[in-house]
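A structural walkthrough
The residues making up each chain are set out below.
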Amino acid sequence: MDNQTSIQFHILPFSLEAKYKLLIFGIFLNVYLIGIFLNLAVIAVICLNVHLHSPMYVFFCNLSFIDICYTTVTIPKLLHILLSGDDLLSVTQCFTQTYFYIICASAEETLLFVMGFDRYVAICRPLFYHRILNKKICILIMVSIWITSFINSFIVIIPLQKLPFRRVSSIQDFFCDAIDIFNASNGGSQDYYSLIYGEIVVFALVPFICNLVSYGNIIRVILQIKSKEGRIKTFSTCSSHLIVMIIYYSAGSLSYLIPFSEKTVLSPHLSVMYIIVVPMINPLIYSLRNKELLRSCQKLLK
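Note that residues are indexed from 1 along each chain, following the sequence as it is written. Side-chain atom pairs in this predicted model are given and counted only at pLDDT of 80 or more, local residue features only at pLDDT of at least 70, and totals for whole chains, interfaces and linings cover all residues. Note: side-chain values were computed over all heavy atoms of the structure, leaving out hydrogens and water.

Some words on the packing of aromatic side chains
Worth spelling out the cut-off: Think of it this way: a Phe, Tyr or Trp ring, Trp meaning its six-membered ring, pairs with another when their centres are within 6.5 Å, and the plane angle makes it stacked under 30 degrees, edge-to-face over 60, tilted otherwise. Strands here are runs of E lasting at least two residues and helices are runs of H or I lasting at least four, both read from the DSSP assignment and numbered beginning at the N terminus. With a 1.4 Å probe rolled over the protein chains alone, any residue whose accessible area is under 20% of its type maximum counts as buried; one over 50% counts as exposed, and the rest are partly exposed.
Applying the stated criterion to the full structure yields 14 aromatic pairs. Aromatic side chains Tyr101 and Phe175 sit 4.7 Å apart centroid to centroid with 55° between the ring planes, which places their arrangement in the tilted category. Of this pair, Tyr101 sits in helix α3 (residues 91-124) while Phe175 sits in the loop between β3 (168-171) and α6 (178-184), placing them 74 residues apart in sequence. For Phe175, a relative accessible area of 1% puts it in the buried group. Taken together through their ring pairs, the aromatic side chains of Tyr70, Tyr101, Phe174 and Phe175 make up a single cluster.

Looking at the nonpolar core
The cut-off we apply is this: Only buried Ala, Val, Leu, Ile, Met, Phe, Trp, Tyr and Cys residues count toward a nonpolar core, and they belong to the same one when joined by side-chain atoms within 4.5 Å. Should any heavy atoms of two residues lie within 4.5 Å, those residues are considered in contact.
Grouped together as the largest cluster of nonpolar side chains are 92 residues, with contacts concentrated most on Phe9, Tyr101, Leu111, Leu160 and Ile181. Per-element tally for this core: the top contributor is α3, with 18 residues. Beyond its immediate stretch of four places on either side in the chain, Phe9 contacts Asp87, Leu88, Leu89, Ser90, Val91, Cys94, Phe95, Phe165, Ser169, Ile171 and Ile181.

Looking at the state of the cysteines
Cut-off, in case you're wondering: Disulfide assignment relies on a single distance test, namely cysteine sulfur atoms paired within 2.5 Å.
In total, this model carries one disulfide according to the counting rule given. One disulfide in the model links Cys94 with Cys176; its S-S distance is 2.0 Å. Here Cys94 and Cys176 share a disulfide; its torsion about the S-S bond, -115°, makes the bridge left-handed. Of the two residues, Cys94 sits in helix α3 while Cys176 sits in the loop between β3 and α6, which places them 82 residues apart along the sequence. Residue class for Cys176 comes out buried when judged on its relative accessible area of 0%.

A word on the UniProt feature "transmembrane region" (unreviewed entry) in the chain
Under the convention used in this document: UniProt positions are given in the numbering used here, feature names are shortened, and annotations may be inferred rather than shown by experiment.
The residues that UniProt annotates with the feature "transmembrane region" (unreviewed entry) are residues 22-50, 57-79, 99-117, 137-160, 200-223, 235-258 and 270-288. Its end C-alpha atoms 27 Å apart, residues 99-117 is made of 100% helix and 0% strand. Here residues 137-160 runs as 100% helix and 0% strand, with 35 Å between its end C-alpha atoms.

Observations regarding empty space enclosed by the protein
We apply this condition: Computed over the protein atoms alone on a 1 Å grid, cavities are sets of points where a 1.4 Å probe fits but cannot get out and pockets are open sets with protein on both sides within 12 Å along at least five of seven lines; a residue lines them when it has an atom within 4 Å of a point. Grid points are joined across faces, edges and corners, and a volume is the space filled by probe spheres set on the points. Each residue receives one of three labels: charged for Asp, Glu, Lys and Arg, nonpolar for Ala, Val, Leu, Ile, Met, Phe, Trp, Tyr, Cys and Pro, and polar for the others, Gly being one of them.
Across all of its chains, the model carries two cavities of 30 Å³ or more by this definition. Lining the largest cavity are Met56, Phe59, Met115, Asp118, Arg119, Ser236, Thr237, Cys238, Ser240, His241, Tyr286 and Asn290. Considering each element in turn, the lining of the largest cavity owes the most residues, five residues, to helix α8 (residues 228-257). Class assignment of the residues belonging to the lining of the largest cavity gives a composition of five nonpolar, five polar and two charged. Elements supplying a minimum of two residues to the lining of the second largest cavity: α1 (21-48), α2 (55-84) and α9 (266-289). Per element, the largest residue contribution to the lining of the second largest cavity is five residues, and it comes from α1. For the lining of the second largest cavity, the per-class residue count stands at seven nonpolar, three polar and one charged.

Digging into the pairing of β3
The condition that has to hold: Whether two strands pair comes down to DSSP finding at least two bridges between them.
The side-chain alternation of β3 yields one buried face, formed by Ser169 and Ile171, and one unburied face, formed by Val168 and Ser170. Where strand β1 (residues 8-11) and β3 come together, four bridges link them in parallel fashion. For Gln8, the partnering residue across the bridge sits in β3 and is Val168.

Thoughts on the pattern of salt bridges
Spelled out, the test is: The term salt bridge refers to a side-chain nitrogen of Lys or Arg lying within 4 Å of a carboxyl oxygen of Asp or Glu.
Across all of its chains, the model carries one salt bridge by this definition. We note a salt bridge from Asp118 to Arg119, for which the minimum N-O separation is 2.9 Å. Relative accessible area serves as the criterion here: at 1%, Asp118 is assigned to the buried category.

A look at the environment of Ile181
Note that Ile181 resides in helix α6. Put simply, Ile181 and Gln161 are 20 residues apart on the chain and 9.8 Å apart in space, counted from C-alpha to C-alpha. For Ile181, the contacting residues outside a window of four places in its chain are Phe9, Cys94, Phe95, Thr98, Leu160, Phe165, Ile171 and Cys176.

Looking at the sheet that holds β1
Pairing between the strands of a sheet is mediated by backbone hydrogen bonds and can be parallel or antiparallel. To be explicit about the condition: Each axis is a line fitted through C-alpha atoms, taken for helices only over the stretch in contact, and angles between the N-to-C directions span 0 to 180 degrees.
Strand order in this open sheet of three strands is β2-β1-β3, and the pairing throughout is mixed. Each end of this open sheet is capped by a strand with a single partner; those strands are β2 (88-90) and β3. Averaged over all adjacent pairs, the angle separating strand axes in this sheet is 35°, with direction ignored. This element, α3, spans β1, β2 and β3 of the sheet and lies at about 85° to β2.

Some details on the packing of α3 against helix α7 (residues 191-223)
Rules: To sort the angles, those under 35 degrees are grouped as roughly parallel, those over 145 as roughly antiparallel, those from 65 to 115 as roughly perpendicular, and the leftovers as oblique. What makes a crossing left-handed is the near helix being turned counterclockwise from the far one by less than a right angle; a clockwise turn instead makes it right-handed.
Taken N-terminus to C-terminus, the directions of α3 and α7 make an angle of 20°; their axes are 9 Å apart at the nearest point. By the angle between their axes, α3 is roughly parallel relative to α7. In this structure, α3 crosses over α7, and the sense of that crossing is left-handed. Of α7, the residues touching α3 (which contributes Ile102, Ser106, Glu109, Thr110, Leu112, Phe113, Gly116, Phe117, Arg119, Tyr120, Ile123 and Cys124) are Glu199, Phe203, Ala204, Pro207, Cys210, Asn211, Ser214, Tyr215, Asn217, Ile218 and Val221.

Things to note about α2
Keep this limit in mind: Helix span, as expected, comes to 1.5 Å for every residue beyond the first. In this scheme, the bend at a residue equals the angle between the axes fitted to the seven residues that finish there and the seven that begin there.
In this model, α2 (30 residues) spans 44 Å end to end at C-alpha, consistent with the 44 Å of a helix rising 1.5 Å per residue. Helix geometry: α2 is bent most strongly at Thr72, by close to 35°, with proline Pro76 lying one to four residues after it. α2 sits mainly inside the fold: 21 of its 30 residues count as buried. A positive phi of about 80° marks Gly85, the residue just after α2.

Laid out in structure tokens, this is it:
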């Protein structure tokens, strides 16, 4: 990349609503702060209550941490753009944001798969639960998730750094996404789309399909329970994860159904759903649908 330090990216967030920037700023600021507070509260409750140190809650604690990172990578800069009107990002800022965004996205998608596997083992293989998901295995899983996410981000970022760019390039989104950067370049191999599709298959589609298979087995086991109360109680242990997974993948898939080469004004609004809204509602869903976590929250408040 020639004269790399002089390259800047022109971020165009919600250009159609430019006259409402202060209103949008207030909404996003409140959503961001609420999400941070709720996720920190969940982390605190799980860490302070030894009865919640089971694999399911450990994974959920990590999900809250990832959600905090997820929003912090993108929202503060968006708020600065909306408030100051300075929508130019240096090449270093843009690539740094992309790098950490990919890490968080990869980690969240993989963790959702692990949480689904946790529920599968708990319901379909309860006698082997503590053998399969013991403390050492859980630590190994979390370390593997982060290492894999860092490596994946490197694989996606490195080809972008070799592309030629104009002195000022426009990005049709509220943050620097890898595909937006690629589309803003002065030409590059279309094989990069294959790389991104491959990354989506490995970190999103395959885990999603595996989760569907897991829930198919979970539902089969639940239907074999004779008592209605037993079925409801068993299903309640995985309903939170199921709801979170459906919301996350629904919002994300709608965004990526738009052809990469044809980003539209709709793309930023879809990105808002799975980058800003979903991390905020995740702790609400888990807290409201998990009685043990809700009781722990109430005890902590008292």
